[in-house]
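# Structural overview
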Amino acid sequence: MEERMDKIVESLSRRNIEAEVRRDPLGTEMILNVGPQHPATHGVLRLVLKLDGEYIVDAVPELGYLHRGKEKIAENMTFLEFLPHTDRMDYLAPLSNNTAYMLAVEKLFGVEAPKRAQYIRVILNELSRIASHLVWLGTFAMDVGALTVFMWCFREREKILSILDLVTGVRFTTSYARIGGVAQDITDEAIHAIKEFIDNFPKELEQCEKLLNKNRIFIERTDGIGVITKEQAIDIGLSGPNLRAVGVPRDLRKDEPYLVYGELDFDIPVYEEGDCLARYYVRLDEMKESVKIVRQCIEKLPPGPVKADEPKATHPKKEKIYTKMEELIHDFILTNFGGTPPVGEVYHAVENPKGELGFYIVSDGTGYPWRLKVRSPSFTNIQALPLMLKGHMIADLVVIIGSIDPVMGEADK
Amino acid sequence: MKDKVIEKLNSSFKDDIVEISEFRGELTIVVKKEKIVDICKFLKEDPELSFDYLVDICGVDYYREKDRFAVVYNLWSLKNKFRLRLKVYVDEPDLVVPSVTSVWSAANWHERETFDMFGIKFSGHPDLRRIYMPEDFEYYPLRKDFPLQGIPGSIPLPGQEKVKIQRS
């Protein structure tokens, strides 16, 4: 870079040192390809970097290595059949995706889930938020060289996966939500396990914090690295914890309360700095807030059904299908033709661990969505990468990519 | 807020609004495609409305004679916490919509994705390349006339020559 050369020459001449400056006749810039099979890019993200020595001059992210055409697939199946595909988009928080998708479908059908189902959804959403942030924290700490935190975070996450196993019957790709509710009720055993987890988790998180918060290597590798300003962040459409780390208090749980978030008491952590350290603090505080939300939900959990009784939109109970004619017909129609939503277009977004996850559904009145668009947070967050990378050293590349928490399954759809 | 948006748009762009509709509490405004940049700029810069956050841009293929394609803009106002959907219709053979990258830089990748999936071109876009599909792919996968299982031979596999399919 010419500018930096000039600065060096100027500072030398200020100290009365005469230097013979020989500019590189071949140019000092080079192009470096990172990924898509690089372990530090958290998936199949490919970056083409323009380097000047060890400094990044420009970066171009390339997507599409995990493009599976989810939107095309969705147009060819019923609303419920698409549910398992949502698990496989943000595979670190499948329950949040299930809920987000079902809320959009429910909005289209005009169905609302019963209170108990909504509380269960919030509990599981927040648990998967913690799980997702734990994976992030572990891998991020590993990116800057702290291996212990990685082990501890995955140990805690394993406990959440065991809880999900108790509640949904599956550890990972849950497919737990249904139109107008959830698949099955939550058991006392599961509630007990959740209580035990949220009692112990803050202590365990504190242990991780002790390893990082005053760790000089960690601070120096993240403080002031990957800075993005507030104006830039809004302009480029950052969302989620990355946006809250630049001082914009945008959280859809507060701005557009869905489910029962309006009845719960929690705060939105906001930091002003916009660097990797701020993004770390936002996610750390969010996990603590999630624990608060889960605790309130467990206390308030009302009795009642977990699925709405709307024969035109939701599948009836199995025992009714086997004994009643009407329910059998509804089940047959819903399974084969997917119900009859009104003609129209809806968009519903939720606050996912990564940011705003929205589903835009265009319905032509048949049981198949005419068009389903996924607004994935990782996609827009990766778009902001070049802004954060410019001017930093190549060693910071891994930290900056890690700090925005991209999941390629979601960015590529 | 809804009334204010409609009133403000009506006072400045009365002739360019094609249709205003509401479904499930969501406001959709269809506008003429020639004016989309001006309208977006107005919505963003008006101090009372301030739609400063672009959530999403996507295409829709309605597969009909007139107004086959639509480009949908999903806006959010950080100040008013309000969502607005803008829509423009575009038809073959003139599949070109002015790009709104000059208003929000977030539009860059969303417009690239729309181009990749539907073949809608955005005039004035700084870097209109395919984003998901290979550069030399000739079709637009999210169009309704593209089959679900793909077109055999359209993506060459290793050790295989690319096959040119004759379209009838």
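Residues numbered from 1 in each chain as written. Chains lettered and ligands numbered in written order. Predicted model: local features only at pLDDT ≥ 70, side-chain atom pairs only at ≥ 80, totals over all residues.

## Some thoughts on the sheet that holds strand β1 (residues 29-34) of chain A
Residues and elements named next belong to chain A. The sheet built from 3 strands is open, its strands ordered β1-β2-β3 with antiparallel pairing. On the outer flanks of this sheet lie β1 and β3 (55-62), each paired with one strand and no other. Each strand of the sheet is rotated relative to its neighbour by a mean of 20°, with strand direction disregarded. When strand β2 (residues 46-52) meets β3, the two strands line up antiparallel, connected through 7 bridges. Across the sheet, residue R46 finds its bridge partner in β3, namely E62. (Pairing = 2+ DSSP bridges. Helix = DSSP H or I, 4+ residues; strand = E, 2+ residues; numbered from the N terminus. Axes fitted to C-alpha atoms, helices over the stretch in contact; angles between N-to-C directions.)

## A few points about the interface of chain B and chain A
Each partner contributes to the interface: chain B provides 26 residues, whereas chain A provides 31 residues. Sorting the residues of the side of chain B that touches chain A by element identifies β2 (26-31), β3 (53-61) and α3 (107-118) of chain B as the ones contributing at least two each. For the side of chain B that touches chain A, the element with the highest residue contribution is β3 of chain B, accounting for 6 residues. (Contact = placed C-beta atoms within 7 Å.)

## Re unusual backbone geometry
With omega at 5°, the peptide bond leading from E92 of chain B into P93 of chain B counts as cis. Within the fold, P93 of chain B resides in the loop between β5 (82-90) and β6 (96-98). Its identity is not glycine, yet K413 of chain A carries a phi of approximately 55°, on the positive side. One can find K413 of chain A in the segment after α18 (408-411). Using a count of 26 C-beta atoms within 10 Å as the deciding quantity, one classes K413 of chain A as buried. In this structure, S50 of chain B takes a positive phi of about 40° despite not being glycine. Note that S50 of chain B resides in the loop between α2 (36-45) and β3. (Buried ≥ 20, exposed ≤ 12 C-beta atoms within 10 Å, placed from the backbone.)

## Some remarks on the nonpolar core
One recurring pattern in soluble globular proteins is that nonpolar side chains are buried together. Residues A104 and I123 of chain A together with L75 of chain B are the most contacted members of the largest nonpolar core, which totals 151 residues. Broken down by element, the residue count for this core peaks at 15 residues, all from helix α5 (residues 115-143) of chain A. Inspection of this core shows a minimum of three residues originating in each of domain 1 (2-62) and domain 2 (70-411) of chain A. If near-sequence neighbours (up to four positions away) are discounted, L75 of chain B is found in contact with L43, F51, L54, V55, L84 and L86 of chain B. (Core = buried A, V, L, I, M, F, W, Y, C linked by C-beta atoms within 7 Å. Domains from an automatic or database assignment.)

## Considering the UniProt feature "domain: NADH:ubiquinone oxidoreductase 30kDa subunit" (unreviewed entry) in chain B
Residues annotated by UniProt as "domain: NADH:ubiquinone oxidoreductase 30kDa subunit" (unreviewed entry) correspond here to residues 29-150 of chain B. Secondary structure content for residues 29-150 of chain B is 18% helix and 30% strand, and the end C-alpha separation is 34 Å. (UniProt positions renumbered as here; feature names shortened; annotations may be inferred.)

## Some words on the sheet that holds strand β8 (residues 371-375) of chain A
Backbone hydrogen bonds are what pair the strands of a sheet, in a parallel or an antiparallel way. Residues and elements named next belong to chain A. Here we have 3 strands laid out as an open sheet, ordered β6-β7-β8, and antiparallel in their pairing. Sheet topology places β6 (344-351) and β8 at the edges, where each strand pairs with a single neighbour. Averaged over neighbouring strand pairs, the angle between their axes works out to 10° when direction is ignored. Of the pairings in the sheet, the one linking strand β7 (residues 356-363) to β8 comprises 5 bridges and is antiparallel in character. Each bridged residue has a counterpart across the sheet, and for Y360 the counterpart in β8 is K373.

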